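Structural overview for review
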Amino acid sequence: MEPNTSGNMQHDDDDDQCLEIATLEVHKVVPPPRRSTFEKLKTRLKETFFPDDPLRQFKGQPVKKKLILGAQYIFPILEWGPNYSLKLFKSDIVSGLTIASLAIPQGISYAKLANLPAIVGLYSSFVPPLVYAVLGSSRDLAVGPVSIASLILGSMLRQEVSPTKDPLLFLQLAFTSTFFAGLFQASLGFLRLGFIIDFLSKATLIGFMAGAAIIVSLQQLKSLLGITHFTKQMGLVPVLTSVFHNTNEWSWQTILMGFSFLVSLLLARHISMRRAKLFWVSAGAPLVCVILSTLVVFAFKAQHHGISIIGKLQEGLNPPSWNMLLFHGSHLGLVVKTGLVTGIISLTEGIAVGRTFAALKNYQVDGNKEMMAIGIMNILGSSTSCYVTTGAFSRSAVNHNAGAKTAVSNVVMSVTVMVTLLFLMPLFQYTPNVVLGAIIVTAVIGLIDIPAAYQIWKIDKYDFLVMSCAFLGVIFISVQEGLAIAVGISIFKIILQITRPKTVMLGNIPGTDIYRNIHHYKDAMRIPGFLILSIEAPINFANSAYLKERILRWIEEHEAEEDLKKQSSLRFVILEMSAVSAIDTNGVSFFEDFMKAMEKKGVELVLVNPLAEVIEKTAKIERSWRFQNTR
């Protein structure tokens, strides 16, 4: 009697659970309103290229107002310029002079890093900031040369042309690469293709920046040790090999001076990091070190005792360079490739820095407008003896902490650089190269973000792998190959997520009409005769075959478990579709084939909570679908 009683009780429980399913509040889903193909295409293009709907401000406005708004959209300075005041200028002039004290020594240093004449670094800190002040939308971005772009440009061009044996050709290639970098950047903004740079994930950038910072620092051993014969390669092993194979060239005078100023710069940086109000200490330290070292060299004639110096620099403003741009010849492919890589890196850094400080001050930075501003800035810069420039994090941080209110701080910095170019260039003649190396090391050491790397390790091990590949690739292979490897692994991760979408089994939480993942909720219970699955990705040609195989395996496992428990056979397969945002032809065929397979098994297929696109496309199949929408 007991087995029969137990069986009847089990049967009654099953009936109660089925009755509970049947009494749920169920609403029939109707197809969305019909739209023409043109309307669908228009909506898709708008969401892809104009998610911010930049034309919404023109709706309902008179023609005159539209012209004014259009001019302000293209030239943001027309928006805030009319309301500019003396109070704002007082803040901007302080911040502008502060970043100029940092920009002048950094400009000279980064130009040397790019294997370019030192004067080109100052040229690149004069014209581009003026252009950005007119076209840029960030209030805090301080424009000029940056270490990573300088390193990449110099290393890529040096693979084919020697900056010492053929300096004129090298300079021409640098200006032409800058033109193509600007053209690529401006095109991304004009064509609204800014999402392309999003393929450089945070993990990729952290690993890449850290690796590049180490390579940049190792390259400065040439200046810090006084070595004259140094490797042209960028990898860790060749650089260290070159350092220890040329110990006879080490200069104790250079090492002493370099170590002293490097410690001073790092100490100033540490003080500013500990106390934000003392930002001016690290901002002014590079210029102070340049002045002191120049005085020491001049007073003791140190250039005759193993200390190499910059030498005489050309006075005057930027000479035109449009006649130096090369759009033909055997090096065209090299400058296009160099422009593309440096353009992407500098654009990513500039936009990331601009958005960071915009978030701190609670204002918006238009990414596409920033791309056009930076791109046009580099195009014009290539015609005025400038190389690749963007918004630098170190200078922008100083600009922000110094209280910059508008882009006028860039104008003040530019005017200060102009005065330097016109009247102060002879003062830099005795500046030692070892101090420039110390300035570069101090600037790039902040790019090594160990806390961020540790956080990535805790959150996502795959992202940590991507970061590690970028880091190790840059150090042991080259800067551009390391970046390419990291981007390739990131894209592989995206492909893997697309081709292998997540599917989970849902169960009912007792006493409710809520269904959740049975592996996440211990109370969630399976319903006999029902297999409830959730598909958590769009269905397309890349994953439809996998989904069919995976769901059939769910069914086989479910039936095997029911047979072991001697419960009722499977009657319904319910697919929860609220996460399926899109579906293509292969996806529709998947449902059609899957429905045929279920019919042969005597199982009914039910789609729950399908979105509009799924309903619209699957409804075109001449079959009787069951669409349900549960509350």
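Let us look at the structure shown here. Remember, predicted model here, so these are calculated numbers, not experimental data.

Definitions and limits used
Residues numbered from 1 in each chain as written. Predicted model: local features only at pLDDT ≥ 70, side-chain atom pairs only at ≥ 80, totals over all residues. Heavy atoms only, no water. Helix = DSSP H or I, 4+ residues; strand = E, 2+ residues; numbered from the N terminus. Buried < 20%, exposed > 50% of the residue type's maximum accessible area, 1.4 Å probe, protein only. Contact = heavy atoms within 4.5 Å. Areas by Shrake-Rupley, 256 points an atom, 1.4 Å probe, with all protein chains shown as cover. Axes fitted to C-alpha atoms, helices over the stretch in contact; angles between N-to-C directions. Parallel < 35°, antiparallel > 145°, perpendicular 65-115°, else oblique. Left-handed = near helix turned anticlockwise from the far one by under 90°. Nonpolar A, V, L, I, M, F, W, Y, C, P; charged D, E, K, R; others polar. Core = buried A, V, L, I, M, F, W, Y, C linked by side-chain atoms within 4.5 Å. Patch = residues over 30% accessible without salt bridge, like charges linked within 9 Å, V, L, I, M, F, W, Y side chains within 5 Å. Salt bridge = Lys/Arg side-chain N within 4 Å of Asp/Glu carboxyl O. Expected span 1.5 Å × (residues − 1). Pairing = 2+ DSSP bridges. Right-handed = clockwise from strand over helix to strand, strands pointing away. Phe/Tyr/Trp six-rings, centres within 6.5 Å; stacked < 30°, edge-to-face > 60°.

Some remarks on the overall build of the protein
Helix and strand content of the protein: 25 helices and 9 strands. Counting all 631 residues of the protein, 50% fall into the buried class. Counting only contacts in the protein whose residues sit at least 6 apart along the sequence, the fraction spanning at least 24 positions is 79%. Of the accessible surface of the protein, which amounts to about 31200 Å², a share of 63% is contributed by carbon and sulfur atoms.

Some words on the packing of helix α21 (residues 461–476) against helix α22 (residues 479–499)
Packing of α21 against α22 leaves a shortest axis separation of 7 Å and a crossing angle of 165°. With respect to α22, the axis of α21 lies roughly antiparallel. Relative to α22, α21 is oriented so that their crossing is right-handed. Each of Tyr-462, Asp-463, Val-466, Cys-469, Ala-470, Gly-473 and Val-474 in α21 lies in contact with α22, whose residues at this interface are Val-479, Gly-482, Leu-483, Ile-485, Ala-486, Ile-489, Ser-490, Phe-492 and Lys-493. Residue composition of the contact of α21 with α22, by class: 11 nonpolar, 3 polar and 2 charged.

Section: the packing of helix α13 (residues 252–274) against helix α14 (residues 279–300)
Remark: α13 packs on α14, axes separated minimally by 7 Å, with the N-to-C direction vectors making an angle of 165°. Of the possible angle classes, the one that applies to α13 and α14 is roughly antiparallel. Where α13 crosses over α14, the handedness of that crossing is right-handed. For the pair formed by α13 and α14, the contact residues are Met-257, Phe-261, Leu-265, Ala-268, Arg-269 and Ser-272 on the first element and Phe-279, Val-281, Ser-282, Ala-285, Pro-286, Cys-289, Leu-292, Ser-293, Val-296 and Val-297 on the second. Looking at side-chain class alone, the contact of α13 with α14 contains 12 nonpolar, 3 polar and 1 charged residues.

What to know about helix α17 (residues 393–401)
Listing the buried residues of α17 in full gives Arg-395, Ser-396, Ala-397, Val-398, Asn-399 and His-400. Along its buried surface, α17 packs onto α5 (86–113), β2 (143–144), α14, α15 (332–361), β3 (390–391) and α18 (408–424). Gly-403, located one to two residues past α17, shows a positive phi value of around 95°.

Notes on the environment of Phe-298
In this fold, Phe-298 is placed in helix α14. For Phe-298, a relative accessible area of 45% puts it in the partly exposed group.

Remarks on the nonpolar core
Counting 102 residues, the largest nonpolar core has Leu-116, Leu-151, Ile-152, Phe-208 and Leu-421 as the members making the most contacts within it. Counting residues per element, this core draws most heavily on helix α9 (residues 167–190), which supplies 10 residues. Beyond its immediate sequence surroundings of up to four residues, Phe-208 is in contact with Ile-148, Ile-152, Ile-345, Ala-470, Val-474, Val-479 and Leu-483. Counting 27 residues, the second largest nonpolar core, distinct from the first, contains Ile-518, Ala-524, Leu-531 and Leu-607.

A few points about a nonpolar patch on the surface
On the surface, a cluster of nonpolar side chains totalling about 590 Å² of accessible area is made up of Leu-317, Val-415, Val-419, Leu-422, Phe-423, Leu-424 and Leu-427. Relative to the helices and strands, Val-415 resides in helix α18. Of the residues examined, Val-415 reaches a relative accessible area of 39% and is grouped as partly exposed.

A look at the side chain of Ser-242
In this structure, Ser-242 sits in helix α12 (residues 236–245). Among the residues examined, Ser-242 registers a relative accessible area of 9% and is labelled buried. Discounting chain neighbours no more than four positions away, the residues touching Ser-242 are His-229, Phe-230 and Thr-231.

A closer look at helix α10 (residues 202–219)
End to end, α10 covers 25 Å across 18 residues, agreeing with the expected 26 Å (1.5 Å per residue, within 8%). Among the 18 residues that make up α10, 15 are buried, leaving the element largely enclosed by the rest of the structure.

A look at the pairing of strand β8 (residues 604–608)
Within β8, 4 of the 5 residues are buried, which leaves it mostly tucked inside the rest of the structure. Looking at chain direction, strand β7 (residues 572–576) and β8 are connected through 5 bridges and run parallel. Residue Phe-572 lies in a different strand from β8, and its bridge partner there is Glu-604. With helix α24 (residues 585–601) bridging β7 and its parallel neighbour β8, the resulting β-α-β unit is right-handed.

Concerning unusual backbone geometry
For residues other than glycine, phi is negative in most cases, and the peptide bonds are mostly trans. In this structure, Ser-385 is a non-glycine residue whose phi angle is positive, near 60°. For Ser-385, the location among the structural elements is in the loop between α16 (367–382) and β3. Under the relative-accessibility criterion, Ser-385 is labelled buried at 5%. Despite not being glycine, Asn-609 shows a phi value in the positive range, around 55°. When you line up the elements, Asn-609 lands in the loop between β8 and α25 (612–618). Residue classification places Asn-609 among the buried positions, given a relative accessible area of 17%.

Description of the packing of aromatic side chains
Two numbers describe a pair of aromatic rings. These are the distance of the centres and the angle of the planes. Enumeration according to the criterion identifies 11 aromatic pairs in this entry. Here the aromatic rings of Phe-180 and Phe-327 are separated by 5.9 Å at their centres, their planes lie at 80°, and the arrangement is edge-to-face. Taken together, the residues span a long stretch of sequence, with Phe-180 in helix α9 and Phe-327 in the loop between α14 and α15 at a distance of 147 residues. For the pair Phe-590 and Phe-591, a centre-to-centre distance of 5.0 Å together with 50° between the ring planes defines the contact as tilted.

A short note on the environment of Phe-58
Relative to the helices and strands, Phe-58 is located in the loop between α2 (37–49) and α3 (63–74). A relative accessible area of 17% means that Phe-58 is categorised as buried. Measuring from C-alpha to C-alpha, the distance between Phe-58 and Gly-70 comes to 8.3 Å, with 12 residues separating the pair along the chain. Dropping the residues within four chain positions of it, Phe-58 is found in contact with Lys-66, Leu-69 and Gly-70.

Notes on the pattern of salt bridges
Tallied over the full model, the rule gives 5 salt bridges. Here Lys-493 ties to Asp-460 by a salt bridge, and the two come within 3.2 Å at their closest N and O atoms. With Lys-493 in helix α22 and Asp-460 in the loop between α20 (450–459) and α21, the pair connects residues that are 33 residues apart, well separated along the chain. Residue Arg-553 is joined to Glu-557 by a salt bridge in which the shortest nitrogen-to-oxygen separation is 3.7 Å. Here Arg-553 pairs with Glu-557, and both are found in helix α23 (residues 544–565), just 4 residues apart, close to one helical turn. Among the residues examined, Arg-553 registers a relative accessible area of 41% and is labelled partly exposed. Each of the salt bridges in this network shares a partner with another, and the network as a whole consists of Asp-460, Asp-463 and Lys-493.

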